[in-house]
Amino acid sequence: MAAESHLRTSHSHGMASGAAHPYAPRPFVVRARTQETPDTVTLRLLPREARDRLSFHGGQFNMVYVFGVGECAISISGDPGHPEELVHTVRAVGKVTNALAALAPDAVVGVRGPYGRGWPLDSAKGRDLVIVAGGLGLPPLRPILYEIFRQREAFGRVEIIYGARTPKDLVFYEEVQTWRHRTDLNLQTTVDAAGRDWYGDVGVVTTRIPDARFDAPNTSAFVCGPEIMMKFTAQALAQRGVPSDAIWLSMERNMKCALGFCGHCQYGPSFVCRDGPVLPYRTLAPLLALKEV
Amino acid sequence: MSASASEAIGDRVLSHPFFVGIDPTLVHAMASKAELRTYEVGEMLVREGKPAEEFFLVFEGKVALEVGASDRAGITVETIGRGEILGWSWLVSPHRWRFDARAIKPTSVIAINAASARYALAAHPAFGYQFLMKLLPVIAERLENTRVQLLDIHGG
């Protein structure tokens with residue numbers, strides 16, 4: 001059902017119009033930079049040429065190039081309904097991401113994309129939806145939250161579960177608080193440990209699933225976060241009765257070409273850049289049980 | 001406490017998810033010294049190191065379990081909410097709390113006297129077995145959650 005329709009879906013790889021080389025990045029200018037957490041920033045980018053504006057689906061990613069440093073895959077965290085602006089949220093963990101996180105407004109980066117298959121939101125219409133994000137897993141999910149808010153009547157109950165190490169590691173904090181006030185969804189935030197100024201839940205995201213409000217057999221779940229978080233979350237969702245082909249995970253692998261040629265991102269039988277990054281748990285479950293794949 | 005008040009609390013205890021399926025007669029015996037209590041935000045339910053003379057059935061609200069040391073502020077490591085049971089130190093020698101528990105939302109609980117509960121469990125082994133078979137999965141689940149927490153799954 002859901003899995004087949006997702007895999008049949010053909011997304012554009014978003015190559016620039018005309019005969020641009022698929023590896024050629026297009027110049028984008030940093031319009032704004034927001035410090036989300038001590039090591040994470042959100043960059044708002046505008047194309048230097050209007051024709052380079054990108055349309056994308058939630059869950060897709062771009063290859064972002066810091067000139068003179070290198071290129072890396074970054075999920076898109078902005079609103080697909082506002083493609084005039086490209087939004088990326090980056091955690092500074094390596095050479096390229098440190099350089100990206102240090103960029104100031106007016107800096108120019110190269111962008112190619114969007115790539116990959118995003119969240120199969122159409123397959124979730126008419127069903128309850130559970131969105132589970134761990135740590136920096138929220139940015140790749142935010143685009144579909146915008147879509148869900150726009151088409152709210154198309155879905156049943158919507159449950160958002162967001163976990164982080166500590167309250168200081170919660171990204172988009174103020175925006176997430178606005179979701180808390182919505183009456184058409186239920187938001188649960190939880191952290192691994194907190195001080196006395198935190199009045200929310202403490203515990204891993206999996207502990208929030210048994211009591212979450214959804215009709216499991218008629219639920220689609222979109223999960224993004226560290227692989228080990230997705231493994232335990234998918235197990236908890238399946239144990240609750242969500243069908244394994246209606247649980248979708250966004251996988252992360254080292255991307256190089258992002259076009260399905262080089263094989264750097266191979267994960268079992270899939271190239272994550274081409275076949276993913278969003279893949280069904282039904283396919284992933286055997287791989288997630290293996291170590292160091 | 002009057003017999004009718006005690007019976008009303010016993011009925012309330014029986015409505016708690018933890019006690020579903022347990023022999024009602026013995027639950028009433030265990031609940032003979034139980035109390036309905038409410039806590040405002042910030043009030044402590046238990047303090048680390050103090051005698052564990054009761055345990056709690058949470059009906060409303062949220063309670064933070066905190067650990068700390070003299071060189072650092074209290075750190076919340078788990079929260080317990082509606083429908084959950086708080087505390088098993090009353091069952092395990094030396095019967096002292098191993099953490100602080102503080103209400104972080106207005107909280108309503110039933111506090112069950114530990115001595116009465118231990119007596120009921122020891123005097124009625126079948127009931128004791130039933131009770132422990134309900135408590136063991138709670139302990140196992142919390143142990144598993146703690147293991148997952150140790151894996152730093154949100155950090156990646």
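Rules of the game
- Each chain carries its own residue numbering, running from 1 in the direction its sequence is written.
- As a convention, the first chain written is A and the first ligand written is 1, with the rest following in written order.
- In keeping with the model being predicted, local features are shown solely for residues with a pLDDT of at least 70 and side-chain atom pairs are shown and tallied solely at 80 or more, while totals for entire chains, interfaces and linings include all residues.
- Side-chain numbers come from the whole structure's heavy atoms, not from hydrogens or water.
- Any Phe, Tyr or Trp ring, taking Trp's six-membered ring, that has another such ring centre within 6.5 Å forms a pair; planes under 30 degrees apart are called stacked, those over 60 apart edge-to-face, and the others tilted.
- For every residue, the accessible area obtained with a 1.4 Å probe (protein chains only) is divided by the maximum for its type, and the residue is called buried under 20%, exposed over 50%, and partly exposed between those limits.
- Comment: elements are numbered from the N terminus, with helices defined as DSSP H or I runs of at least four residues and strands as E runs of at least two.
- Both a distance and an angle decide whether a charge sits over a ring: NZ of Lys or CZ of Arg must be within 6 Å of the ring centre and within 35 degrees of the ring normal.
- For every residue, the predictor states its confidence as a pLDDT score lying anywhere from 0 to 100.
- One requirement defines pairing of two strands: DSSP has to find at least two bridges between them.
- Here, residues are in contact when the closest pair of their heavy atoms is within 4.5 Å.
- Lines fitted to the C-alpha atoms define the axes, with helices restricted to the stretch that makes contact. Angles between their N-to-C directions range from 0 to 180 degrees.
- By nonpolar core we mean a set of buried residues, namely Ala, Val, Leu, Ile, Met, Phe, Trp, Tyr and Cys, connected to one another through side-chain atoms within 4.5 Å.
- A patch is a set of surface residues, each over 30% in relative accessible area and not in a salt bridge, joined within 9 Å for like charges and within 5 Å for the nonpolar side chains Val, Leu, Ile, Met, Phe, Trp and Tyr.
- All accessibility values rest on the Shrake-Rupley procedure with a 1.4 Å probe; residue burial counts only the protein chains present in the view.
- In the sections that follow, a salt bridge refers to a side-chain nitrogen of Lys or Arg positioned within 4 Å of a carboxyl oxygen of Asp or Glu.
- The term buried area refers to how much accessible surface (probe radius 1.4 Å) is lost by two components on association, counted for both of them together.
- Distance and chemistry together define a polar contact, namely a pair of N or O atoms within 3.5 Å, with one atom able to donate a hydrogen and the other to accept it when in protein, and with adjacent residues in sequence counting only for side-chain atoms on both sides.

*Asks:* Hey, could you run me through the packing of aromatic side chains in this one?
*Replies:* For any pair of aromatic rings, the description consists of the separation of the ring centres together with the inter-plane angle of the planes. Applying the stated criterion across every chain, the model contains 12 aromatic pairs over all chains. Here the aromatic rings of Phe-18 of chain B and Phe-19 of chain B are separated by 5.2 Å at their centres, their planes lie at 85°, and the arrangement is edge-to-face. Under the relative-accessibility criterion, Phe-18 of chain B is labelled buried at 6%. With a centroid separation of 6.1 Å and 70° between ring planes, the pair formed by Phe-55 of chain B and Phe-131 of chain B is classed as edge-to-face. A residue pair is termed long-range when its members are at least 10 positions apart, and Phe-55 of chain B in strand 3 (residues 54-60) and Phe-131 of chain B in helix 4 (residues 125-150) qualify at 76 residues. Aromatic ring contacts, followed pair by pair, group Phe-18, Phe-19, Phe-55, Trp-90 and Phe-131 of chain B into a single cluster. Above the face of the Phe-214 of chain A ring, Arg-240 of chain A is positioned so that its terminal group lies 4.0 Å from the ring centre. The lysine or arginine in question, Arg-12 of chain B, covers the ring of Phe-59 of chain B, its NZ or CZ lying 4.2 Å from the ring centre.

*Asks:* Would you mind showing me how to read the confidence of the model for chain B here?
*Replies:* Interpreting fine coordinate detail is not advised for predicted regions of low pLDDT. Taken as a whole, chain B shows an average pLDDT of 90; of its residues, 97% reach a score of 70 or greater. In the predicted complex, the global pTM is 0.87; the interface-specific ipTM is 0.81.

*Asks:* Where do I start with the sheet that holds strand 11 (residues 219-224) of chain A in this structure?
*Replies:* Pairing between the strands of a sheet is mediated by backbone hydrogen bonds and can be parallel or antiparallel. Residue and element names in this part refer to chain A. Here we have seven strands laid out as an open sheet, ordered 10-9-8-7-11-12-15, and mixed in their pairing. With one partner strand each, in any of the chains shown, strand 10 (201-202) and strand 15 (278-280) form the two edges of the open sheet. Sheet contacts for helix 3 (residues 138-150): strand 7 (128-134), strand 8 (158-164) and strand 11; angle to strand 7, the most-contacted strand, approximately 155°. Against the sheet, helix 4 (residues 173-180) contacts strand 8 and strand 9 (186-191), and its axis sits at roughly 135° relative to strand 9.

*Asks:* Would you mind showing me how to read the nonpolar core here?
*Replies:* Soluble, globular proteins show a tendency: their nonpolar side chains are buried together. Among the nonpolar cores identified, the biggest contains 41 residues, and Phe-19, Met-30, Leu-45, Ile-112 and Phe-131 of chain B are the most heavily contacted of them. Apart from residues lying up to four places away in sequence, Phe-131 of chain B is in contact with Phe-18, Phe-19, Ile-22, Met-30, Phe-55, Trp-90, Leu-91 and Leu-121 of chain B.

*Asks:* Looking at this model, I keep getting lost on the sheet that holds strand 1 (residues 26-37) of chain A. Mind explaining?
*Replies:* All names here are of chain A. Pairing is antiparallel in the open sheet, where six strands are placed in the order 4-3-6-1-2-5. Each edge of the sheet is formed by a strand with only one pairing partner; in this case those strands are strand 4 (70-75) and strand 5 (86-91). Recorded for the sheet is a direction-independent mean angle of 40° between the axes of neighbouring strands. Judged from the four bridges that link them, strand 3 (residues 61-66) and strand 6 (residues 108-115) form a sheet pairing that is antiparallel. Residue pairing for strand 6: Tyr-65 is matched across the bridge by Gly-110.

*Asks:* Can you help me understand a nonpolar patch on the surface in this one?
*Replies:* Residues Tyr-129, Leu-132, Met-133 and Leu-136 of chain B make up a contiguous nonpolar surface patch of roughly 410 Å² in combined accessible area. Position of Tyr-129 of chain B relative to the elements: it lies in helix 4.

*Asks:* Just checking my understanding: could you explain the interface of chain B and chain A for this structure?
*Replies:* Accessible area lost upon the coming together of the parts is a frequently used measure of interface size. Each side of the interface is counted separately: chain B has 22 residues, and chain A has 24 residues. Here chain B and chain A share an interface that buries about 2,100 Å² over both sides, 54% of which is from carbon and sulfur atoms. It is Gln-149, Ile-153 and His-154 of chain B in chain B that bury the most area against chain A; as a group they hold 33% of the surface buried on that side. Here chain B is connected to chain A by three salt bridges. Among the salt bridges present, the one from Arg-196 of chain A reaches Glu-66 of chain B, with a minimum N-O distance of 3.1 Å. In this assembly, chain B and chain A are joined by 10 residue pairs in polar contact (both at pLDDT 80 or more). Elements that contribute at least two residues to the side of chain B that touches chain A include exactly strand 4 (62-69), strand 5 (72-81) and helix 4 of chain B. At six residues, strand 5 of chain B tops the list of elements feeding residues into the side of chain B that touches chain A.

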